[in-house]
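# A look at the structure
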Amino acid sequence: MPLVMEGRDDREKVAATKVDIGTDINFGNLARVLFNHLSSLPNVHLHLLHEVRDLEKQEDGTWELKIKNLQDDEKFFVKADFVFIGAGGGALPLLDKSDIEEARGYGGFPVSGQWLVCNNESVVAEHNVKVYGKASVGAPPMSVPHLDTRLIDGKKALLFGPFAGFTTKFLKNGSYFDLPLSIELDNIIPMLSAGWNNLALTRYLIQQATLSHADRVEALREYYPHAEAEDWELAIAGQRVQVIKKDEAEGGVLEFGTEIIHAADGSLAALLGASPGASTSVAIMLEILEKCFAKKMQSSVWQKRLKKMIPFYGKAFKGNEKRWLELRKYNNSVLHLND
């Protein structure tokens, strides 16, 4: 990590843990591969530039979804036995429209992400690792700073961040009314309580929102002492809508992870909270299958299919070093990382 060590006092003590097996995956490209495969299957239809405007439970237990084609403004309805709401920042408003009892009391707190991006190719070429530090005192866990090499569509890039920004939008291209319109009688107390109990976070967000370019570069210099301000520019990333939910003791709490909400009859499930990364997405989907398709999950047909997709499914790993090594060897082989 030459950029990190260059220019430091030889007497400065630096502690680091080095991990050799990390890799970079273009998740946008991975999503395209998965959707292309799904679209090739019978009875699977992929609709892009379509928006779910409303959903309503019918007397027969099914769901009726109101859809708008954003290309020609055509509106139509779709009937579904099961609905999964995985709409990122747009999930909370849709979940609210479902009117399921389990959704009552949930709110959202939007936080935007910002990064310094290096535009000096000679600097980018020197850094070939991801260097993670520690979050500042009072900062949320998602704010762990890192000097991050990424390959974006084949081109190497160097980023530093994240820096937080506050907005009332739930989506990057959403409406400033998203947050105000999400406040209702059943979630106003949890949201006010969560705000009162997280004054340190409020101060942190205000401090982050008022940072100048020089301030951000100064933070970068803790990781890269020789950083030049003119080599870096600010880029706005996406939005995260943190979950606020009821709490008997505190009235309302702010969650920094993900939250799965599902209807009692298993006909609808929603994923709220921060973006589920590769480390959690499969576990989340398995949990939804177990909660919403409990009987089918116990069948030999589903168990056989799951074990084909996830060969180590159902096996215990705690304290079993040999099994961990087998799993790592298998994953590295599938992902062609052994070279």
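Residues numbered from 1 in each chain as written. Predicted model: local features only at pLDDT ≥ 70, side-chain atom pairs only at ≥ 80, totals over all residues. Heavy atoms only, no water.

### So, the overall build of the protein
Of the regular secondary structure elements, the protein holds twelve helices and twelve strands. By principal-axis analysis of the C-alpha atoms, the protein measures approximately 70 × 50 × 50 Å. Looking at the protein as a whole, 33% of its 339 residues are labelled buried. Long-range pairs, those at least 24 residues apart, make up 57% of the contacts in the protein between residues at least 6 apart in sequence. Total accessible area on the protein stands at roughly 21,800 Å², and carbon and sulfur atoms take up 55% of it. Taken as two groups, the 39 positive and 45 negative side-chain charges of the protein have centres that lie 7 Å from each other. (Helix = DSSP H or I, 4+ residues; strand = E, 2+ residues; numbered from the N terminus. Buried < 20%, exposed > 50% of the residue type's maximum accessible area, 1.4 Å probe, protein only. Contact = heavy atoms within 4.5 Å. Areas by Shrake-Rupley, 256 points an atom, 1.4 Å probe, with all protein chains shown as cover. Lys, Arg positive; Asp, Glu negative; His and termini not counted. Charge placed at Lys NZ, Arg CZ, Asp CG, Glu CD.)

### Description of the packing of aromatic side chains
For the structure shown, the criterion picks out seven aromatic pairs. Look at F293 and W302: their rings are 5.8 Å apart centre to centre, the planes differ by 35°, and that puts the pair in the tilted class. The class for F293 is partly exposed, based on a relative accessible area of 22%. Under the relative-accessibility criterion, W302 is labelled partly exposed at 28%. Relative to W324, the ring of F317 has its centre 4.9 Å away and its plane inclined at 50°; by these criteria the two rings are tilted. Using a relative accessible area of 14% as the deciding quantity, one classes F317 as buried. Pairwise contacts between aromatic rings join F312, F317, W324 and Y330 into one cluster. (Phe/Tyr/Trp six-rings, centres within 6.5 Å; stacked < 30°, edge-to-face > 60°.)

### Focus on the sheet that holds strand β10 (residues 251–255)
Strand order in the open sheet formed by six strands is β6-β7-β8-β5-β9-β10, with antiparallel pairing between adjacent strands. Edge positions in the open sheet fall to β6 (130–132) and β10, since each of these has one partner strand only. Strand-to-strand, the axes of this sheet are offset by a mean angle of 35°, without reference to chain direction. Bridging between strand β5 (residues 107–118) and strand β9 (residues 232–247) involves eleven bridges; their strand directions are antiparallel. By the bridge assignment for β9, S112 is matched with Q239. (Pairing = 2+ DSSP bridges. Axes fitted to C-alpha atoms, helices over the stretch in contact; angles between N-to-C directions.)

### Brief notes about helix α6 (residues 188–197)
P190, M191, S193 and A194 are the residues of α6 that are buried. The buried side chains of α6 occupy one side of the element, clustering within an arc of 165° when seen end-on. Those residues of α6 that are exposed and angled more than 90 degrees off the buried face are I189, L192 and W196. Turning to α6, the residues buried within the fold contact β5, α5 (178–182), β9 and β10. (Arc of directions from axis to C-beta.)

### Side note on empty space enclosed by the protein
If a probe as big as a water molecule is rolled over the atoms, it shows which places are left empty. Scanning all chains against the criterion turns up one cavity of 30 Å³ or more. Looking at the largest cavity, its volume works out to about 60 Å³. Taken together, G88, G89, A91, L92, G107, G108, V241, Q242, V243, L272 and G273 make up the full set of residues lining the largest cavity. Per-element tally for the lining of the largest cavity: the top contributor is β9, with three residues. (1 Å grid on protein atoms, 1.4 Å probe; cavity = no way out; pocket = protein on both sides within 12 Å on 5 of 7 lines; lining within 4 Å. Points joined across faces, edges and corners; volume = space filled by probe spheres on them.)

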